[in-house]
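Architecture and fold: a report
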Amino acid sequence: MQQEITGTQVQDAVLTPTTPGKGQVSGSLAWTAQDTTWMLSLFGTAVGAGILFLPMNAGLGGFWPLLLLTILIGPMTYLSHRGLSRFVCASKIEGSDITQVVEEYFGVGAGRAITWLYFLAIYPIVLIYGVSITNTVDSFMVHQLGMASLPRWLLSGALIAGMMAVMVAGERLMLKVTQFLVYPLVGILLFMSLYLIPDWKLDALMQVPSAGEFLGIVWVTIPVLIFSFNHSPAISQFAVSLKREHGANAAKKADMILRNTAMMLLGFVMLFVFSCVLAMSPAQLAQAKASNLPILSYLANIHDSAFISYVGPVVAFVAIVSSFFGHYLGATEGLKGIASKQLPFVRERCSDKGLNRGIQLFMFLTVWGAAIANPSILTMIEALGGPVIAAILYLMPMYAVYKVPALKAYRGRLSNIFVIVAGLMSMTAIFYSFFQG
């Protein structure tokens with residue numbers, strides 16, 4: 001059976017299918033156990049700490065904009081990831097990942113640009129997790145344990161150094177440990193969604209924004225939704241594996257798996273979001289956003305339940321740590337690729353060990369600096385995470401459809417226009433927020 005990929009493994013996963021053999025083409029498109037493994041793996045890639053910040057933004061405008069966003073995000077997630085998988089599957093070079101495919105389609109210069117974009121899509125997320133882990137632990141110490149806050153520079157430095165020490169000491173062990181965290185985490189979050197149902201209120205249903213406010217809420221929330229539903233880091237290796245196993249049928253098989261993944265994500269994530277939104281008043285959601293805490297940590301501070309008070313922050317901590325590991329791997333690998341392939345003076349002057357040490361120092365100092373500064377996490381997602389992900393996941397594959405002969409068969413479809421509009425909305429939402437602010 002193919003090695004399972006979790007949300008924290010996708011950046012350096014090794015795929016070793018046993019059936020069918022290398023070079024063979026599977027003619028059957030029937031659903032298999034291996035497809036289920038992929039679906040759960042892609043699901044685990046998307047479900048991380050992102051959804052812990054989603055309810056504050058998605059629900060802040062009330063129930064009705066959230067309902068429209070729920071209708072939109074399912075097809076947005078499926079069609080965009082389908083486009084990226086087709087982008088990779090159409091390559092004529094066996095085993096080529098997304099950077100190599102970009103070079104094949106657009107040339108070496110574009111390949112270098114995409115390498116930078118990939119790094120810039122992942123690196124801000126590492127900074128976000130440095131901020132959120134510090135806020136989560138500080139809140140737990142103060143509100144649940146009754147302790148005084150430690151100096152922020154000391155607490156953040158210790159937490160970030162601890163997480164990085166796990167990475168440096170043994171990445172293989174870390175990958176094996178974190179794959180066991182993903183699914184219990186999913187189960188606990190589902191339980192939390194159901195546990196909050198008795199606390200549901202009608203406040204959010206009574207809040208009906210004007211048409212302009214309604215559209216503005218939808219616009220600025222789209223980047224956060226894209227961030228929270230994103231499993232694009234896994235798509236490159238996912239497509240490469242399916243090409244190896246299914247040959248000419250790889251794109252069709254990918255479509256099936258991605259459709260079911262999107263449906264599973266939509267049901268699970270939006271249940272959690274709706275449950276949190278309906279269990280809190282609009283004022284509490286606004287306060288949660290201002291506190292810069294994951295939603296479960298905020299709920300722990302205001303809820304009478306001892307269960308939520310202690311389990312909520314622990315779930316948030318596990319989600320953030322597991323997500324940090326995977327994104328740290330991706331960011332450091334991307335930065336190493338940039339330094340070794342695009343900066344000649346680095347190749348000439350630094351050994352591999354020296355380069356790794358330099359990257360580790362850079363990551364520690366910048367993540368630590370962000371954690372001390374404590375910027376708004378949702379603002380960082382809106383300004384950096386969502387828009388850059390949209391450029392790679394939504395716009396690049398659609399551009400390729402109309403420029404690359406191998407993708408000619410996918411031209412002239414309404415779904416292409418839908419994906420392009422969604423991507424542009426994500427990339428321009430920051431301007432709306434700027435003028436509104």
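As annotated in an unreviewed UniProt entry, the protein chain is Serine transporter from Shewanella chilikensis. Database annotation for the protein chain, UniProt heading Subcellular location (unreviewed entry): "Cell inner membrane".

The geometry of helix α5 (residues 108-144) relative to helix α14 (residues 306-342) is characterised by a closest axis approach of 7 Å and an angle of 150° between their N-to-C directions. One element, α5, and the other, α14, form an angle in the roughly antiparallel class. The chirality of how α5 crosses α14 is left-handed. Per-class residue counts for the contact of α5 with α14 are 21 nonpolar, 10 polar and 2 charged.

So, about empty space enclosed by the protein. One pass over the structure, following the stated rule, counts 3 cavities of 30 Å³ or more. Empty space within the second largest cavity amounts to approximately 110 Å³. As for the second largest cavity, its lining consists of Y118, A121, I122, I125, N230, S232, P233, H327, I389, I392 and L393. If you list the elements that add at least two residues to the lining of the second largest cavity, you get α5 and α17 (377-403). If one sorts the elements of the lining of the second largest cavity by residue count, α5 sits on top with 4 residues. The class makeup of the residues in the lining of the second largest cavity is 8 nonpolar, 3 polar and no charged.

What follows concerns the packing of aromatic side chains. Across all of its chains, the model carries 15 aromatic pairs by this definition. On the basis of an interplanar angle of 85° and a centroid distance of 5.0 Å, the ring pair of F87 and Y105 is categorised as edge-to-face. Taken together, the residues F87 in helix α3 (residues 63-89) and Y105 in helix α4 (residues 98-106) connect sequence positions 18 residues apart. For the pair F87 and Y105, a shared accessibility class is recorded, and that class is buried. Judged by centre distance (5.2 Å) and plane angle (40°), the ring pair of F364 and W368 falls under tilted. Highlighted residues: F364 and W368, both in helix α16 (residues 352-373), separated by 4 residues, approximately one helical turn. Each member of the aromatic cluster is reached from another via a ring pair, and the members are F87, Y105, F106 and Y399.

Where helix α2 (residues 50-59) meets helix α12 (residues 282-291), the axes come as close as 9 Å, and the angle between the chain directions of the two elements is 130°. As summarised for this structure, α2 and α12 are arranged oblique, according to the angle between their axes. Considering only the axes of α2 and α12, their crossing is left-handed. For the pair α2 and α12, the contacting residues are P55, M56, N57 and G59 in the first and L285, A288 and K289 in the second. Taken together, the residues of the contact of α2 with α12 sort by class into 4 nonpolar, 2 polar and 1 charged.

When pLDDT is averaged along the protein chain, the result is 82; 88% of the residues meet or exceed 70. Per-residue pLDDT, averaged within each element of the protein chain, yields its smallest value for helix α15 (residues 344-349) (70) and its largest for α3 (93). Across residues 1-26, confidence stays below pLDDT 50; counting only partners more than four residues off in sequence or on other chains, it has 76 contacts.

Looking now at the pattern of salt bridges. Within the structure shown, the criterion is met by 2 salt bridges. One salt bridge connects K253 with D35, and the closest N-O pair in it is separated by 2.6 Å. Of this pair, K253 sits in helix α11 (residues 250-279) while D35 sits in helix α1 (residues 33-46), and the two are 218 residues apart along the sequence. You can call D35 buried: its relative accessible area is 2%.

Analysis parameters
Residues numbered from 1 in each chain as written. Predicted model: local features only at pLDDT ≥ 70, side-chain atom pairs only at ≥ 80, totals over all residues. Heavy atoms only, no water. UniProt positions renumbered as here; feature names shortened; annotations may be inferred. Axes fitted to C-alpha atoms, helices over the stretch in contact; angles between N-to-C directions. Helix = DSSP H or I, 4+ residues; strand = E, 2+ residues; numbered from the N terminus. Parallel < 35°, antiparallel > 145°, perpendicular 65-115°, else oblique. Left-handed = near helix turned anticlockwise from the far one by under 90°. Nonpolar A, V, L, I, M, F, W, Y, C, P; charged D, E, K, R; others polar. 1 Å grid on protein atoms, 1.4 Å probe; cavity = no way out; pocket = protein on both sides within 12 Å on 5 of 7 lines; lining within 4 Å. Points joined across faces, edges and corners; volume = space filled by probe spheres on them. Phe/Tyr/Trp six-rings, centres within 6.5 Å; stacked < 30°, edge-to-face > 60°. Buried < 20%, exposed > 50% of the residue type's maximum accessible area, 1.4 Å probe, protein only. Contact = heavy atoms within 4.5 Å. pLDDT = per-residue confidence, 0-100. Salt bridge = Lys/Arg side-chain N within 4 Å of Asp/Glu carboxyl O.

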